[in-house]
Amino acid sequence: MSKTVFVLGAGFSAPAGMPLQSEIMFDVLRSYSQPVQETTRRIYAILFNIVDPEAMRTVPLEDVFTMLDRANHYGEVIPGFGHREIRDSLVALVQAITDDFQKKLLKCDLSRYRPFFEALVRCRKGDGSVRAQQDDPFSLVSFNWDTIPDHLIMQASDEESGIDYTCYDYDIEEDTNHTPSILRKAKGLFNIKLLKPHGSLNWAKCPSCNRIFSKNCTDCIPILFPQEYKCRFCTKVDLENVMITPTFVKDIGQTHLKLVWHNIQRDLQEAKRIVFLGYSLPLADFEFRYTLLKAVISNSKVALRVVLFPPDSEIQNERQRVEREQTEERFRNFFGQRDVEIKYLNVIDFMSDDYLVWCW
């Protein structure tokens, strides 16, 4: 079987109830405590002269984080913000977004996703031979923090942690028989590559030794609350979330994330098909755009397949139609005269069609 790389964006998780980027700040204002709401309103009022929550949806989240990240990184200030206020605002926004994702993740309906992940597991196992385990028919690249793929792979694989994050991860619980992701294939263990270049809600890192800890389970959707743990290798060091925020000033220099990015580039170069599911190729993902373009330059025969939501039958307003057209134009301009095909589909409908999943 020729190799396929599935690239998952926010639209992949939206049918399960996870928020799209344009909805995140509105959710924060609607659902969170008064201090967080006040902080969020103040940020938008100072940066964009916006006080209406509905209008906040029109401001790309990348613009919010880029302004604050840029000032914080270079030790500068923004009129209306001091050094401390910029750092506090970043912390408040990240925490509010993390909480929003965690609450929605616990309520997800994953029933429509299960057949797709069960099919992935069957494909990966093949005929059960050593050769099947050595083959590399597909990988998943998820830009989402949520752990929907992680949980469904665990459930469908009936193996002890079949997930390969392509980095050296430690189980958050010390007394498990966890095998680090990067060693699974070398030891002949079942693995499905799930590459998460922007981090994950079930990852935490130690800021001292830089070790990555992960959490997975079959009976619940994995979420790791770093504040409940300390690094077991370093004395009294609190763990931190591993989440790259939507910003043009992304820091992907962390050792483990660099391994993930290296594996993404290699898989893209080897792929016969790259299928984008609910991913809009945003300008802020310039690192991935750079990696992707390098890969297709050296992989000239790769088929590029894009699933864009919503289908015509589900368009509710002109804004949705315009956004879809802009996303399509972004893909076509970026890939030029290469083999690009685009379908207007719900990702659930795509996952239900074996021809589209494996042959389109």
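Analysis parameters
- Residues numbered from 1 in each chain as written.
- Predicted model: local features only at pLDDT ≥ 70, side-chain atom pairs only at ≥ 80, totals over all residues.
- Heavy atoms only, no water.
- Salt bridge = Lys/Arg side-chain N within 4 Å of Asp/Glu carboxyl O.
- Helix = DSSP H or I, 4+ residues; strand = E, 2+ residues; numbered from the N terminus.
- Buried < 20%, exposed > 50% of the residue type's maximum accessible area, 1.4 Å probe, protein only.
- Pairing = 2+ DSSP bridges.
- Contact = heavy atoms within 4.5 Å.
- Axes fitted to C-alpha atoms, helices over the stretch in contact; angles between N-to-C directions.
- Patch = residues over 30% accessible without salt bridge, like charges linked within 9 Å, V, L, I, M, F, W, Y side chains within 5 Å.
- Areas by Shrake-Rupley, 256 points an atom, 1.4 Å probe, with all protein chains shown as cover.

Visitor: Hey, could you run me through the pattern of salt bridges in this one?
Guide: One side chain can pair with another of opposite charge once the charged atoms of both are near each other. This structure, assessed with the given rule, holds 20 salt bridges. Among the salt bridges present, the one from Asp312 reaches Arg324, with a minimum N-O distance of 2.8 Å. Of the two residues, Asp312 is situated in the loop between β10 (303-308) and α13 (318-335) and Arg324 in helix α13; the sequence distance between them amounts to 12 residues. Residue Arg324 is classed as buried on the basis of its relative accessible area of 5%.

Visitor: Sorry, what's going on with the sheet that holds strand β5 (residues 192-195) here?
Guide: Remark on secondary structure: sheet strands pair via backbone hydrogen bonds, oriented parallel or antiparallel. Spatially, seven strands are ordered β3-β5-β2-β1-β9-β10-β11 in an open sheet, and the strand pairing comes out parallel. Taken across any chain shown, the strands that pair with only one partner, and hence form the sheet edges, are β3 (163-164) and β11 (340-344). Where β10 and β11 come together, five bridges link them in parallel fashion. Looking at β11, one finds that Arg305 is bridged to Glu341. Sitting on the sheet, helix α12 (residues 286-297) is in contact with β1 (4-8), β9 (273-277) and β10, with an inclination near 155° to β9.

Visitor: Sorry, what's going on with a nonpolar patch on the surface here?
Guide: Together, Phe248, Leu283 and Phe286 line one region of the surface with nonpolar side chains, adding up to about 270 Å² of accessible area. Tracing the chain through its elements places Leu283 in the loop between β9 and α12. Judged by its relative accessible area of 53%, Leu283 falls in the exposed class.

Visitor: Teacher, can you tell me more about the pairing of strand β6 (residues 199-205) here?
Guide: Every other side chain in a regular strand lies on the same face of the sheet, so the side chains alternate between the two faces. Buried residues dominate β6, accounting for six of its seven residues. Two strands pair when backbone bridges link them, and β6 and strand β7 (residues 212-214) are joined in this way by three bridges, in the antiparallel orientation. Each bridged residue has a counterpart across the sheet, and for Lys205 the counterpart in β7 is Ile212. The loop that links β6 with its antiparallel partner β7 comprises six residues; one of these, Asn210, has a positive phi angle of about 65°.

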